[in-house]
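# Structural description and commentary
For reference, the chains in residue letters:
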Amino acid sequence: MASNGSETRKQFSLGENSLNVRGTSTSMKSRVSYCTDLEKLVLTVNFDKRGWVRVNPDDDWNIYWASVQTCRNLFSVDSGYRLHDNQCINHFPNHYELTRKDLMVKNIKRYRKDLEREGHPTAIRSKQGRYTHLDIIPITYILPADYNMFVEEFRKNPHSTWIIKPSGKSQGAGIFLINKLSKLKRWSKESKPPFHPQNGKESHVISRYIENPLLIGGKKFDLRMYVLVTIYRPLKAYLYKHGFCRFCAVRYDNNNHQDLENVFVHLTNNAIQKNGEDYNNVHSGKLNMESLKLYLETTYGKSRTDFLFFNIKWLIIHSLKAVSSVIANDRHCFECYGYDIIIDEELKPWLIEVNASPSLTFTTAHDRILKSKLIDDILSIVVPPDGIPDARWSKRPSVDAMGNFHLIVDEEYDDRGSNKKIREKYQGSRWR
Amino acid sequence: MDELKIKSIHFTAEKFANEITSIDAYCKFYAELQKTVASKSVTLDDFKKCLLESLSSSGMETDLRNSVFHLMRSIHNSQDVCSYKDKEPLEYLKKAQMLWEKRIHKSLNSMSADINSLSLARFRLASDRDEILEKWKELSTYEIDLTQYRPVYAPKDFLQVLLWLRNPNFRSFNFKINDGTWEFTHLSLKVKSFAELKILYGEISRGEPLIGVHHEMPSQRAPYPSLEAERIALGEKVIAFNHAPAAQEYLKKGAPLCIRARIWTQLLGSTVTPEREEYFNRLKQRVLQYDLVVDKLIIKDVQLTASNDPSYFVFEDLLYQIMLCFYRDTDVLSIFHHICATPIRGVLRGKAPTTKNSVYYPPNGIIPFHGFTMYACPLCYLYKEPVAVYCTFKAFYMRYWFRMHEVSSSEQGILALCLLFARLLQRYEPVLWMHFKTNHIQPVRVVFKWLMRGFSGYLAVEQLLLLWDVILAYDSLEVISILAVAILSFRKDSLFQVNNQQDVEGVLADLSTIRVMPLIQMSLIRETIP
Ligand SMILES: Nc1ncnc2c1ncn2[C@@H]1O[C@H](COP(=O)(O)OP(=O)(O)OP(=O)(O)O)[C@@H](O)[C@H]1O
Ligand SMILES: Nc1ncnc2c1ncn2[C@@H]1O[C@H](COP(=O)(O)OP(=O)(O)OP(=O)(O)O)[C@@H](O)[C@H]1O
Ligand SMILES: [Mg+2]
Ligand SMILES: [Mg+2]
């Protein structure tokens, strides 16, 4: 019976769309249908608030908030599914170019080389041979492919610590630290049983461990920042004002690096920390971004703090530019990434990884407010002013619609620099 | 007349010259002075001139001036007291304070008796000492059973005491309406009128541009893009000048984040010196040596407050250190010179009960109450080093917060702040006042904990620091009451919607979105009602 109901709705809404009748947004709102395979309160609250109706994946939906897996199935050739103009979805088909740890590293390395070959000024290097502006990720190799390169690098600094991570896993799964080659060798023997061929295929990354993270109250933390991309070519991306710091529950002692095994000291993932003995349910180790800025500005000064956040912004822009040429620029797609960033003692930011589905589960009241506002702001940017998803839309939201997001890169606007007339028109729509 | 004046200045100078010999920095200063006198730059021919010159060029003059400033402030602290023989002139308040002390002492004693007849203080067991030493920087992992410990008292217990105060010389004409316990208006203490407050907070009430009023405030001076940039440039100059009174003057228009910590240090004279580091270290040794019942209370308090606070939890370990040391700091006892509270004395075990054989308990004389840690929490955002947090916390407490938990008639005391709150509310929000009164709602029951903790833990950290800027700049706590009234007035519409105590508390439960400076400025800019 229920499916009958949605059938009629589908026909009705299709009819409306094909006629392209755009009433006032209030009358149209109720006809927007959504679909999701993630049972997240912060999502459904926002969909309901807009008066959208929930439908099944097989029905006609306007917006699909899908898990990475579902999205992959949908876009796969086998599914034969084609999105129509009034549909949009929350992932780009090959987002993994950015969100798989190995591919991200590959793309960033390639991006740097390309710029260097062009003789681009951002690709300059210091006397020590490090990139001045593009040194945004810790030195990383892909295993097993780059094993020899890694060994060579390791021999240069035999006392260094490295972190090994499966390329495609999350929530801290399979991550460990090493400071001896022998340990890596033992691990590689154990992890590839010959009778498990697909295991051999699973790649890992090995990154230089950031041994001197900035500590507050003696504890390590990383930053979670949210970045929304609505289009890759020309690139248009927004950074969310409110992120948070995720603290380890156990003190990080700079002088005592023996304890590489203790994940509660080294890995800041909430998924890891919540299993710890010292985990606190009330705040769950999350400190908001405003507090971090307050602390930094007070104790390190304004110019250093501003410089840090300026560098974070550029780190994000570079990481996106590094993949903008390889990502399928599907106009039905938008994506909100969870950036993991570690700040070191020198107040230099390092990109750790980019997540395609940052967790939408909330652990505290503040977390809930932040995440539901995040979704609200995302929807208000990706949905055109008339309230109906539309792939043909210019993707130029008004400043009001951006909420707590602000535009950090807008190549369309940059390109139009030459054409004054269009720029003025565009500015009109931006600043209206 | 002039002669009298000169005499009085002379007298004051003499008094200071005497007092100054007792301050910490005196020995060092004296030694430095002797060195300077003996140095080449001072010659016998023109002794006075070149001595003064080299004093000023070496920065010793500035140090001396700052010392005099801090000394004067601490004497001013007890000024209302000096003129009386008694520290508290009002007999009924003195008595109330005595009864209150008796009650909390009894409660402390009975708690330690309940917990396997523990003595209030003893030598720490070696094993315990080693554990604390090892975990000094991560005391959150120091595990002890605290289930039987509970805070000796909470703000609401203290409020109950204050609400029961009766002025024996005051008789209301209408017994029925004035049932006394409703608000503090029946107490005849002197508090400032609104006109006086406007004068006190001159820069604010004149509507001058202040830090924290709104974000992108432009500068009124030439080269600066914003007020903040202007204040940063000026602030750096003030800091370089190293003059405590200048710091105080500067703070009247608020400090940008990157300036605040240093200005506060300068103003409170809480610079970290090697001597103070050494002192802090000695306090730590005393923590290791003695095991006090208050240690558990204070650890429990950190756990109940900071450990669960979304803004302060990262500083939990730091706060244990600060608080444990603070409770060993006998310098703090000097506050009792100018308040009528008296610390408890405990008789040493096995000794005759004479004054000689007794010690203050706890060593700093203060019985911790629920939320005491909140006085220290915000300072963790200002300084990285524990000793720096400690010095400023101690100076702040000894100048202001000690008055928040004693019964006294001081204009800076908690009672006067409550009364000021009630008077301002009645005068400037009469309709709201009537609304409360007719519905038998006591706004002070919500507001009291804000006042007692100086809003710490209620406001967003940045906002709280702006409020404390105003306290320091004008050297007065009255702004706390002004803000409390302003908040009620700001939430007036919602308050009119509700008609019972519980719902009023609901409306006022979350202050995280309150912006302090606009509210304070708005209230002070208002015209006086004659
Ligand atoms: N190079 C590094 N140096 C220091 N710490 C690191 C480094 N790489 C990772 N970490 C720590 O390990 C944690 C997990 O790493 P990462 O985020 O790459 O893995 P993940 O399993 O994909 O996590 P998520 O649950 O966020 O998806 C990080 O949050 C960080 O605290
Ligand atoms: N149930 C799950 N099983 C496997 N992977 C998951 C699951 N839930 C989330 N993930 C993945 O784990 C990662 C969650 O990343 P994130 O770093 O946001 O988690 P978190 O640190 O635990 O959450 P938060 O800090 O926001 O509370 C994402 O890459 C997401 O795709
Ligand atoms: Mg991940
Ligand atoms: Mg991560």
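Residues numbered from 1 in each chain as written. Chains lettered and ligands numbered in written order. Predicted model: local features only at pLDDT ≥ 70, side-chain atom pairs only at ≥ 80, totals over all residues. Heavy atoms only, no water.

### Some words on the overall build of chain B
For the record, the criterion: The numbering of helices and of strands both runs from the N terminus, where a helix is a DSSP run of H or I of at least 4 residues and a strand a run of E of at least 2. Atoms counted for the radius of gyration: C-alpha only. Globule rule: 2.2 Å times the number of residues to the power 0.38. Only protein chains enter the area calculation, which uses a 1.4 Å probe; residues under 20% of their type maximum are buried, those over 50% are exposed, and those in between are partly exposed. It only takes one pair of heavy atoms within 4.5 Å for two residues to be counted as in contact. Note on areas: these come from Shrake-Rupley sampling with a 1.4 Å probe, and a residue is covered only by the protein chains present in the view. Charge counting follows a simple rule: Lys and Arg are positive, Asp and Glu are negative, and His as well as the terminal groups are ignored. By convention, the charge on Lys lies at NZ, on Arg at CZ, on Asp at CG and on Glu at CD.
Helix and strand counts for chain B come out as 25 helices and 4 strands. What you see for chain B is a C-alpha radius of gyration of 25 Å, in line with the 24 Å of a compact globule of 530 residues. Over its C-alpha atoms, taken along the principal directions, chain B stretches across nearly 80 × 70 × 50 Å. By residue count, 54% of the 530 residues in chain B fall in the buried class. Within chain B, residue pairs in contact and separated by at least 24 positions form 76% of the contacts whose partners lie at least 6 positions apart. When the accessible surface of chain B is split by element, carbon and sulfur atoms take 57% of a total near 25,300 Å². Averaging the coordinates of the 63 positive side-chain charges in chain B and doing the same for the 59 negative ones gives two points 5 Å apart.

### Digging into the overall build of chain A
Within chain A one finds 16 helices and 16 strands. Out of the 432 residues belonging to chain A, those deemed buried represent 53%. Contacts spanning at least 24 positions in sequence make up 68% of the contacts within chain A whose residues lie at least 6 apart. Approximately 20,200 Å² of chain A is accessible, and the part contributed by carbon and sulfur atoms is 52%.

### Section: the pattern of salt bridges
To keep things clear, this is the line we draw: Within this document, salt bridges are pairs made up of a side-chain nitrogen of Lys or Arg and a carboxyl oxygen of Asp or Glu, the two lying within 4 Å of each other.
The tally for this structure, following the rule as stated, stands at 56 salt bridges over all chains. The salt bridge involving E412 of chain A is made with K236 of chain A; its shortest N-O contact spans 3.2 Å. Linking E412 of chain A in helix 15 (residues 411-415) with K236 of chain A in strand 11 (residues 235-240), this pair joins segments that are 176 residues apart in sequence. A relative accessible area of 14% means that E412 of chain A is categorised as buried. Of the charged contacts, one joins E196 of chain B and K190 of chain B as a salt bridge, the two residues approaching to 3.8 Å between their closest N and O atoms. Since its relative accessible area comes to 35%, E196 of chain B is described here as partly exposed. Owing to a relative accessible area of 52%, K190 of chain B belongs among the exposed residues under this scheme.

### Side note on helix 11 (residues 227-241) of chain B
Given 3.6 residues to a turn, an α-helix orients residues that are three or four positions apart in the same direction. We apply this condition: Here the expected span of a helix is defined as 1.5 Å times the quantity of residues minus one.
Spanning 15 residues, helix 11 of chain B covers 21 Å between terminal C-alpha atoms, matching the ideal 21 Å at 1.5 Å per step. Every buried residue of helix 11 of chain B is accounted for by L227, E230, R231, I232, G235, V238 and I239 of chain B. Those residues of helix 11 of chain B that are buried are in contact with helix 13 (302-324) of chain A together with helix 12 (244-251) and helix 13 (257-268) of chain B. Remark: N242 of chain B follows helix 11 of chain B within two positions and exhibits a positive phi of approximately 55 degrees.

### So, the site of ligand 2
Residue and element names in this part refer to chain A. Defined as follows: Working definition: residue near molecule or strand if any one of its non-hydrogen atoms lies within 4 Å of it. For the purposes of these results, a polar contact is taken to be a pair of N or O atoms within 3.5 Å, where, inside protein, one atom must be able to donate a hydrogen and its partner to accept one; residues adjacent in sequence count only when each atom of the pair is a side-chain atom. When residues are grouped by polarity, Ala, Val, Leu, Ile, Met, Phe, Trp, Tyr, Cys and Pro land in nonpolar, Asp, Glu, Lys and Arg in charged, and all others, Gly among them, in polar.
Taken together, 13 residues lie near ligand 2, and R224, R246, K286, S359 and K371 sit nearest. At 3.3 Å, a backbone N or O of N270 approaches an oxygen atom of ligand 2. A distance of 2.8 Å separates an oxygen atom of ligand 2 from a polar atom in the backbone of S359. Its free accessible area being 640 Å², ligand 2 has 68% of it covered by the protein chains. Contributions of two or more residues to the shell around ligand 2 are made by strand 12 (244-247) and helix 11 (270-273). Grouping the constituent residues of the shell around ligand 2 by class yields 3 nonpolar, 6 polar and 4 charged.

### Let's talk about the confidence of the model for chain A
The condition is simple: pLDDT expresses how confident the predictor is about each individual residue, on a scale running from 0 to 100.
Model confidence for chain A is summarised by a mean pLDDT of 87, while 85% of its residues fall at 70 or above. Segment residues 194-200 of chain A is flagged for pLDDT under 50; beyond a separation of four residues in sequence, or across chains, it makes 3 contacts in the model.

### Some thoughts on the UniProt feature "domain: Rab-GAP TBC" (unreviewed entry) in chain B
Rules: UniProt positions are given in the numbering used here, feature names are shortened, and annotations may be inferred rather than shown by experiment.
The sites that UniProt annotates as "domain: Rab-GAP TBC" (unreviewed entry) are residues 254-475 of chain B. Split by type, residues 254-475 of chain B is 50% helix and 5% strand. Its first and last C-alpha atoms lie 14 Å apart.

### Description of the coordination of the magnesium ion (ligand 3)
Residues and elements named next belong to chain A. Here is the rule we go by: Distances define the donors: N, O and S atoms within 2.8 Å of the metal qualify, as do those within 3.2 Å of Na, K or Ca. Water is excluded, so some sites may look unfinished.
Surrounding the magnesium ion (ligand 3) are the protein donor atoms E353 (OE), E353 (OE) and N355 (OD1), at 2.1 to 2.3 Å. Between the two metals, the magnesium ion (ligand 3) and the magnesium ion (ligand 4), the spacing is 3.9 Å, and E353 donates to both. Using a relative accessible area of 10% as the deciding quantity, one classes E353 as buried. In this structure N355 comes out as buried when scored by relative accessible area, which is 13%.

### Things to note about the nonpolar core
The condition that has to hold: Definition of nonpolar core: a set of buried residues of the types Ala, Val, Leu, Ile, Met, Phe, Trp, Tyr and Cys, connected through side-chain atoms within 4.5 Å.
Residues Y339 of chain A together with Y397, W401, W450 and F455 of chain B are the most contacted members of the largest nonpolar core, which totals 234 residues. The element best represented in this core is helix 18 (residues 414-428) of chain B, accounting for 12 residues. Contact partners of W401 of chain B, with chain neighbours within four places excluded, come to Y375, F396, G454, W468, I471, L477 and I480 of chain B. Counting residues in each nonpolar core, the second largest holds 29 residues, with Y34, Y226, Y238 and I375 of chain A among its members.

### Some thoughts on the coordination of the magnesium ion (ligand 4)
Protein coordination of the magnesium ion (ligand 4) is provided by D340 of chain A (OD) and E353 of chain A (OE), with donor distances spanning 1.8 to 2.1 Å. Here D340 of chain A falls in the buried class, since its relative accessible area comes to 5%.

### Overview of the site of ligand 1
Residues and elements named next belong to chain A. Around ligand 1, the structure places 24 residues, and the nearest of them are K101, G172, T268, N269 and E353. The side chain of K220 places a nitrogen or oxygen atom 2.9 Å from a nitrogen atom of ligand 1. N355 is positioned such that a nitrogen or oxygen atom in its side chain is 2.9 Å from an oxygen atom of ligand 1. Within the complex, 97% of the 610 Å² of free accessible area of ligand 1 lies under protein.

### Re a nonpolar patch on the surface
Put simply, the test is: Patch definition: residues above 30% relative accessible area lacking any salt bridge, with like charges linked at up to 9 Å and the nonpolar side chains Val, Leu, Ile, Met, Phe, Trp and Tyr linked at up to 5 Å.
Where nonpolar side chains cluster on the molecular surface, the patch consists of L41, V45 and F362 of chain A and spans about 250 Å² of accessible area. Relative to the assigned elements, L41 of chain A resides in helix 3 (residues 41-49).

### A closer look at the state of the cysteines
Quick reminder of the rule: Only a pair of cysteine sulfur atoms within 2.5 Å counts as a disulfide in this structure description.
For the coordinates displayed, the defined rule picks out 0 disulfides over all chains. The thiol of C248 of chain A is not disulfide-bonded; the next cysteine sulfur, from C245 of chain A, is found 12 Å away. On the basis of relative accessible area, C248 of chain A is assigned to the buried category, the value being 2%. The thiol sulfur of C380 of chain B is not disulfide-bonded, and the nearest other cysteine sulfur, from C377 of chain B, lies at 6.1 Å.

### Here we look at the interface of chain A and chain B
For interface size, the figure often reported is the accessible area lost on association. Between chain A and chain B, the contact holds 21 residues from the first and 26 residues from the second. Our count for the chain A to chain B interface comes out at 3 salt bridges. Two residues, E228 of chain B and K302 of chain A, come together in a salt bridge whose shortest N-O distance is 3.7 Å. Linking chain A with chain B are 4 residue pairs in polar contact (both at pLDDT 80 or more). It is helix 12 (residues 289-300) of chain A that provides the largest number of residues to the side of chain A that touches chain B, a total of 7 residues. Class assignment for the residues of the side of chain A that touches chain B results in 7 nonpolar, 8 polar and 6 charged.

### Concerning the side chain of T268 of chain A
Residues and elements named next belong to chain A. Following the sequence through the fold, T268 ends up in the loop between helix 10 (263-266) and helix 11. Side-chain polar atoms of T268 contact the side chain of D222, separated by 3.0 Å. Filtering out sequence-adjacent residues up to four positions away, T268 remains in contact with K220, F221, D222, R246, C248 and Q273.

### Points about the packing of aromatic side chains
Two numbers describe a pair of aromatic rings. These are the distance of the centres and the angle of the planes. This is how the line gets drawn: A pair of Phe, Tyr and Trp rings is counted when the ring centres sit within 6.5 Å of each other, with Trp represented by its six-membered ring. The angle between the planes then sorts it: under 30 degrees is stacked, over 60 is edge-to-face, the rest tilted. Two thresholds decide whether a charge sits over a ring: the Lys NZ or Arg CZ must be within 6 Å of the ring centre and within 35 degrees of the ring normal.
Counted under the stated rule, the structure contains 50 aromatic pairs over all chains. A ring pair is formed by F372 of chain B and Y397 of chain B, whose centres lie 5.4 Å apart and whose planes are at 55 degrees; its orientation type is tilted. Taken together, the positions of F372 of chain B in the loop between strand 4 (358-361) and helix 17 (386-399) and Y397 of chain B in helix 17 put the pair 25 residues apart, joining distant regions of the chain. Comparing F372 of chain B with Y397 of chain B, the two get one shared label, buried. Against the face of W350 of chain A rests K348 of chain A, its NZ or CZ located 4.5 Å from the ring centre. The ring of Y300 of chain A carries the charged tip of K384 of chain B above its face, separated from the ring centre by 3.7 Å.

### Topic: the sheet that holds strand 2 (residues 53-54) of chain A
Residue and element names in this part refer to chain A. Definition in use: DSSP calls a pair of strands paired once it identifies at least 2 bridges connecting them.
The strand order 2-1-3-4 describes an open sheet built from 4 strands, whose pairing is parallel. The sheet is open, and its two borders are formed by strand 2 and strand 4 (88-89), each paired with just one other strand. Pairing between strand 1 (residues 33-36) and strand 3 (residues 63-65): 3 bridges, direction parallel. Each residue of the ladder has a partner; that of T36, found in strand 3, is W65.

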